[in-house]
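# Chains, contacts and geometry: an overview
Each chain, letter by letter, is given below.
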Amino acid sequence: MRILITGVSGFVGSVLAHRLHADGHELHGLTRDPRRVDPELPVEVHVGDARSGAGLEDALAGAEVAYYLIHAMEPTAGGVGFAVRERQGAERFALAAAEAGVRRIVYLGAIAPRGQRVSPHLRSRQAVEGVLLGAIPDSVVLRASIIIGARSRSFAFLVRLVERLPVLALPSWREHRTQPLDERDMLEYLTRAATRPVGGRTLDIAGPDTLSYGAMIERLADIMLVRRPALRLGFSLTPVASVVAARIAGEELALAGPLMESLETDLLADDRDARAMLGVRLHGYQAAVEHALREWELRQPLRAR
């Protein structure tokens, strides 16, 4: 099958390319900057941009399935906010995909809180879902919480905080819960979503363990063999804390801000349909973190060790 992977230079796109190649698919990748694409990836690289539409016709030609892995997390450019840019990109891409005869788009989105305030970034993800499903009804949306993987920026953000903070300051959001997902299980879900009869659906995907954010961070520190005293605070100053955390972790505020904002509520999945229809065997949090840290140390040492 001919498949297009957008965002092929990023974490999810690059690891997905290797997984799909193992199944014998013909792979093409779309990127704005080919210099950022691993030259060893088994893909034919196309230079293009979803928002402007440049390069889409060529990249989508003959594709049966397209993975839409584009998120506008970078700082606002030209006065246009991320939500507008995300919607423009999704609309342009969906139209081009429909015109090219693509039968399914697979989109990796984010779990939204139930019955609680939805952050601007999560609202934007939901708007993209609607655009893609509206253009090609057989498309599939997979919603996930934090992905545990060596190249996951969200996971790396947490690792850096554990490494660099002498005290683990855990604000009031520490009691909220989520279901972190192993990178390997995410890849299985994405791969199976391309071919299984699940079109026209939005499916939550999640790991088997439900953890509070405080427990998740403290267990991460234990697995890293780092001893850090925990300071449990009775308040949460997310706008200020995200700036400080971004500087400590060496990460862009454009990622740290939305990530920490998402900690303000439970992000729990109802993944019964995904498990029943896609049949992925799941790794627990401990196994996910240990696997991610092993891969991390193949590329660079963990300073805390």
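So, here's what we can say about the structure. Each chain has its residues counted from 1, running along the sequence as written. With pLDDT at 70 or above as the cut-off, local features in this predicted model cover only qualifying residues; side-chain atom pairs require 80 or more to be listed or tallied, and sums for whole chains, interfaces and linings still use all residues. Just so you know, side-chain values use all the structure's heavy atoms and leave hydrogens and water out.

## Comments concerning helix α11 (residues 285–299)
Structurally, the α-helix is built with 3.6 residues per turn, so residues lying three or four positions apart point the same way. Between its first and last C-alpha atoms α11 spans 22 Å; for 15 residues at 1.5 Å apiece the expected length is 21 Å, and the two agree. Buried residues along α11 sit in contact with β7 (147–148), α5 (153–164), β10 (181–182), α6 (183–193), β12 (211–212) and α7 (213–223). Secondary structure is summarised from DSSP: a helix means a run of H or I of at least four residues, a strand means a run of E of at least two, and numbering begins at the N terminus for each. Expected helix span is computed as 1.5 Å times (number of residues minus one). In this analysis, two residues are considered to be in contact whenever any of their non-hydrogen atoms come within 4.5 Å of each other.

## A look at the side chain of Asp266
By secondary structure assignment, the location of Asp266 is in the loop between α9 (253–262) and α10 (272–278). At 2.7 Å, the side chain of Asp266 and the backbone nitrogen of Arg177 are in polar contact. Leaving out residues up to four positions away in the same chain, Asp266 has contacts with Pro113, Gln116, His176 and Arg177. Definition of a polar contact: a pair of N or O atoms within 3.5 Å, with one able to donate and the other able to accept a hydrogen when the atoms are protein atoms, and with sequence-neighbouring residues admitted only if both atoms are side-chain atoms.

## Considering the pairing of strand β2 (residues 26–31)
Buried residues are those whose accessible area, probed at 1.4 Å on protein chains only, stays under 20% of the maximum for their type, while exposed residues exceed 50% and partly exposed ones sit between those limits. Most of β2 sits out of view: five of its six residues are buried. Should DSSP find at least two bridges between two strands, the strands are regarded as paired. With five bridges joining them, strand β1 (residues 2–6) and β2 adopt parallel strand pairing. Within β2, the residue paired with Ile5 across the bridge is Gly29. When β2 meets strand β3 (residues 44–47), the two strands line up parallel, connected through four bridges. Bridged to Thr31 within β3 is Val47.

## A closer look at the pattern of salt bridges
Opposite charge on two side chains allows them to pair when their charged atoms are near. Here a salt bridge means any side-chain nitrogen of Lys or Arg lying within 4 Å of a carboxyl oxygen belonging to Asp or Glu. Under the counting rule described, the total for this entry stands at 18 salt bridges. Two residues, Arg143 and Glu129, come together in a salt bridge whose shortest N-O distance is 2.8 Å. In this pair, Arg143 sits in strand β6 (residues 140–144) while Glu129 sits in helix α4 (residues 120–135), placing the two residues 14 residues apart along the sequence. Its relative accessible area of 4% is what places Glu129 among the buried residues. Salt-bridge contacts for Arg227 lead to Asp222; the nearest nitrogen and oxygen are separated by 4.0 Å. A single salt-bridge network, built from bridges that share partners, covers Arg19, Asp23, Glu188 and Arg192.

## What to know about the pairing of β1
On a regular strand, one side chain projects to one face of the sheet and the next to the other, so that they alternate. Burial analysis of β1 places five of its five residues in the buried class, which makes it a mostly covered element. The two faces of β1 match: Arg2, Leu4 and Thr6 on one face and Ile3 and Ile5 on the other face are all buried. Note on handedness: a clockwise path from strand one over the helix to strand two, with the strands aimed away from the viewer, defines a right-handed crossover. Crossover β1 to β2 through helix α1 (residues 11–22) is right-handed. The sheet contact formed by β1 and strand β4 (residues 65–68) spans three bridges and is parallel. In the sheet register, Leu4 faces β4, and the bridge partner there is Ala66.

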